[in-house]
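# Per-entry structural report
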Amino acid sequence: KNSLFSFTLGCVISLYIINEFFIKTNSYILIILFLYIFSFNFFRKDTTLTIGFPLVIFFIVLFSLFSTYILHSTNKSSERETRSMLAQKLSNNRDYGAEYLFSNIVKSIQKDTTMTALLNDYIHFKVSNQDELESYIKHKYFTGYWDKFDILITLCDSSKVLEILPEDYAVNCYDYFDKIVVEEGLKTDCDELFYIDSDYSVDNYLGIIEFPDVNIPVRINIEFFSRLIPRGLGYPELLNDQKNQSAVDLSLYSWARYEKGDLIYHFGKYSYSINLLNYQDSGNEKKFFNLNNYNHLHFPVDKSSTLIISRKNPGLIDIVAPFSYFFIFYGLLLFILQVLYEGPIILKISDISIKRRLQLFITALIILSFLFVGISSLFYITSLNNNKNQELLSEKAHSVLIEIEHKLAGEQNLTNEIQQYLSDLLYKFSMVFFSDINLYDLDGTLIATSRPEIFNKGLISTKMDPGAFYKMSINRNSTYIHNESIGDYKYLSAYLPFRNENNKLIAFLNLPYFAKQDELTNDISTYLVALINIYVILIALAILIALIVTKYVTKPVEMIKDKISRLKLGKTNEKIDWRKNDEIGGLVIEYNRMVDELALSAERLAKSERESAWREMAQQIAHEIKNPLTPMKLSVQYLQKAWDEKAPDWDRRLQRFTQTIVDQIESLSAIASEFSDFAKMPKSNFEKTELNRIIDHSISLFKDTTPIQFDLKSTGNHFVYADKEQLLRVFINLINNSIQAISNPAKGYIAISVETEQGYYLIRLTDNGKGIPNDQKHRVFYPNFTTKSGGTGLGLAIVKNIIQNSRGEISFESEEEKGTTFIIKLPAHND
């Protein structure tokens, strides 16, 4: 009952926690269901009801399956809501908050005297202070909310020419930005800010700030690029502010935008069709559909534009992944509640049955193998991933080296004069090889990089890693790959020597490699989840198999145990039929041999006991008969002498002789009756009998003939199922023995009490007589035992026989010179 209570309480609490904090769905129906099961069983009359271990496992598995299904259904619904919100955001890329803030910032910049002074220096004194201007504007006006944008500031005057890469052409600065506004710009509420409708995946803006009040012929062009999708390659975690990242993990999704049915933009791993008509015809309705193991959301933006957002359908492992966690959670919670409700569980192997021991050993073996396989697999996967990353990095570094040697093989030295060319070249190669590229001179100083912002922000020093510089410059390694770190962020970095066509070492090439840690973590997580689920299923199967196997293995042992428990001396005991020649067969042979020997021993013992009993009985009868025969013989001899002497009082002597003979004959008759009663008790007449009346009647027979004080303590009615006459004989015999054991009747007392104890009545009869000597206590209920000068010694033996026939027990406690207490235990009568 306690196990059932703990289990049900644990299940209900678990479901409530899941419903309240995790799933947020209506799982109360499950709570009501199991509350019903609990109440139905808890209030049954059978107070010994418990839940066995196999049934507990079954319910835990059942609850885990229910919880897994509920979680999957809820996650599916939640994910579709998230995707709908993402579609709303992607369909409208404009950031109205940014537009509102920019309108206020423009006025502040135009009135900023520091800005005016910096612009005047640029115009009149031709001071190259664009970096200072850019830094001033960003730090003062574009922080906080603006951190979610990459900001590019360009200072233009009428004569400035921009070099556009990678197309490699020159254009006037004013003309370049005016063309963007005319061809792709959309007006906003702020006259100086334009929404650039060229890329459907991000929010892009262009702000053009002029200074008409101070007659400065300069424009500040500010381009805003959304960081919704990380732009570029390398150092991804370092260059993205996590607090401004989308709450949605965009790597899980692919999406495409169609204009008038044609694909104009797509993102992600899914391969979209170039024509919208190749998908299901959903018209202008929002609709989810499955295709190519992906679930797609058809989201119409307007009459001509449509978004399709896709996510790969979860596999079976992904669906059942929470099962193992729920199983472990429910199991631990049940164990904790069991401990709290019933106290600590102390397991002693010696106290556990063989069946349970086998189950525990099989389960423990599977758990230990799971830990061993899981830990070793983790080490193996991690090592394999590291080796793979190093191989990939080595191959990529040599490929980059070949391309750079092709372009720069004719250079004798790499100087700062060609730094811009080198940076552009490295940027182009970084887009091809999907890796950042750095070039260091022979002193270990940075010459050019494809990712200058990482150095400009001070995240990495412009000097080579000391260990790498030592290996490349001193040891002259051809390749060196090792781990580097920026704060807590660790990554692989490869170094190679760069030589010109004359085989002269002119630089060191460096490729930082940022392994996809999230993918590795997901792979390991997926593997562990699959492993845990497999082993949870194996554990459940192991328990089931253990139950079957242990039942099969222990069945013959239980059968032998049952047969042994039924062995009785003096009765025909059944043998076991076992035809298999195994360990159990050997045990069965020994059991059957023991049955034969026991039967033979029982026969010999019975014969010996009968002979011994007859010898003792004969001696007792002879002794008891001799007692009255002696006075009878003396009386006959005395009467013969009186007859020979012609005694004058012959008549009186004859009368006395006759009386003596009659008394002795009655004594012999009483002896014969007692032995007859002991040998065969009269047929019992069992009926509902009130105990207090029997005791009262027994006491009343002695109250008027002895000064001994009687004390009866009993309240209420106490009914037993027994023979009234035999029960009366029991108490008369015990009271008579107590009276005879009391040497001074004037100070004697006999106390009788009746108590109720777990379906039985305990009757205690106590006297203050001389007690029973310790050396004779073991013979109290023997047929020929007595402490009196007269009597057959059969009284207590008959008392015990009567009590046992009434399904009761009798015992005693005695101390010499202090008294004796007889204790009778009789079952209470139940109608």
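What you are looking at is a predicted structure, and each value in this text was computed from that prediction instead of being measured. (Residues numbered from 1 in each chain as written. Predicted model: local features only at pLDDT ≥ 70, side-chain atom pairs only at ≥ 80, totals over all residues. Heavy atoms only, no water.)

### Concerning the pattern of salt bridges
To keep things clear, this is the line we draw: By salt bridge we mean one thing: a side-chain nitrogen of Lys or Arg within 4 Å of a carboxyl oxygen of Asp or Glu. Per the convention used, a helix needs a DSSP run of H or I reaching at least four residues, while a strand needs a run of E reaching at least two, with both numbered from the N terminus. Each residue is assigned to one of three classes by its accessible area relative to the maximum for its type, calculated with a 1.4 Å probe on protein chains only: buried under 20%, partly exposed between the two thresholds, exposed over 50%.
Enumeration according to the criterion identifies 10 salt bridges in this entry. In this structure, aspartate 436 engages arginine 451 in a salt bridge whose closest nitrogen and oxygen atoms are separated by 3.5 Å. Of this pair, aspartate 436 sits in the loop between α11 (419–433) and β13 (438–440) while arginine 451 is found in the loop between β14 (446–449) and α12 (452–456), placing the two residues 15 residues apart along the sequence. Judged by its relative accessible area of 10%, arginine 451 is buried. Ionic contacts of the salt-bridge type, sharing partners, join the residues Asp178, Glu210 and Arg219 into one network.

### Re the packing of aromatic side chains
To keep it simple, the criterion reads: Each Phe, Tyr or Trp ring, with Trp reduced to its six-membered ring, pairs with another whose centre is within 6.5 Å; inter-plane angles below 30 degrees give stacked pairs, above 60 give edge-to-face pairs, and intermediate values give tilted ones.
Taken as a whole and judged by the stated rule, the model has 15 aromatic pairs. Ring centres of phenylalanine 102 and phenylalanine 142 lie 6.3 Å apart, and the angle between their planes is 25°; on these two criteria the pair is classed as stacked. Here phenylalanine 142 lies in the loop between α6 (130–141) and β1 (149–156) and phenylalanine 102 lies in helix α4 (residues 96–110), a separation of 40 residues in the sequence. Phenylalanine 142 carries the same exposure label as phenylalanine 102, and that label is buried.

### Side note on the sheet that holds strand β24 (residues 819–827)
How we decide: A pair of strands is labelled paired if DSSP reports no fewer than 2 bridges between them. Whenever a helix is involved, its axis is fitted only over the stretch in contact; in every case the axis is a line through C-alpha atoms, and angles between N-to-C directions fall within 0 to 180 degrees. It only takes one pair of heavy atoms within 4.5 Å for two residues to be counted as in contact.
As summarised here, the arrangement of the 5 strands in space is β19-β21-β22-β24-β23, forming an open sheet in which the pairing is mixed. Bordering the open sheet on either side are β19 (709–713) and β23 (809–815), each of which pairs with just one other strand. Going across the sheet, the axis of each strand differs from the next one's by a mean of 15°, ignoring polarity. Direction of pairing for β23 relative to β24: antiparallel, over a ladder of 7 bridges. Bridged to isoleucine 810 within β24 is isoleucine 824. With respect to the sheet, helix α19 (residues 795–805) is in contact with β23 and β24, its orientation differing from that of β23 by roughly 140°.

### Re the packing of helix α17 (residues 691–703) against helix α18 (residues 724–741)
In plain terms, the rule: By definition in this entry, angles of less than 35 degrees are roughly parallel, angles greater than 145 are roughly antiparallel, angles of 65 to 115 are roughly perpendicular, and the rest are oblique. Left-handed describes a crossing whose near helix is turned anticlockwise from the far helix by less than a right angle; the clockwise case is right-handed.
At their nearest, the axes of α17 and α18 sit 9 Å apart, and the two run at 45° to each other. Our classification of the angle between α17 and α18 gives oblique. Along this stretch, α17 crosses α18, giving a crossing that reads as right-handed. Residues Leu691, Ile694, Ile695, His697, Ser698, Ile699, Leu701 and Phe702 of α17 lie in contact with α18, whose contacting residues are Lys724, Leu727, Leu728, Phe731, Ile732, Ile735, Asn736 and Ile739.

### What to know about the side chain of asparagine 510
Operational definition: Each polar contact in these results corresponds to two N or O atoms within 3.5 Å; when the atoms are within protein, one needs to be able to donate a hydrogen and the other to accept it, and residues that are neighboring in sequence are counted only if both atoms are side-chain atoms.
Its place among the elements puts asparagine 510 in strand β17 (residues 505–513). Relative accessible area serves as the criterion here: at 3%, asparagine 510 is assigned to the buried category. Here alanine 494 takes part through its backbone oxygen, which lies 3.1 Å from a polar atom of the side chain of asparagine 510. Every residue in contact with asparagine 510, bar those within four places of it in the chain, is listed here: Asp436, Ile437, Asn438, Tyr440, Ser493, Ala494 and Tyr495.

### A closer look at the packing of α18 against α19
Between α18 and α19, whose axes approach to 10 Å, the crossing angle comes to 145°. The way α18 lies across α19 gives a crossing that is left-handed. For the pair formed by α18 and α19, the contact residues are Gln726, Leu727, Arg729, Val730, Asn733, Leu734 and Asn737 on the first element and Gly795, Leu796, Ile798, Val799, Ile802 and Ile803 on the second.

Read these as spatial facts, not as claims about activity.
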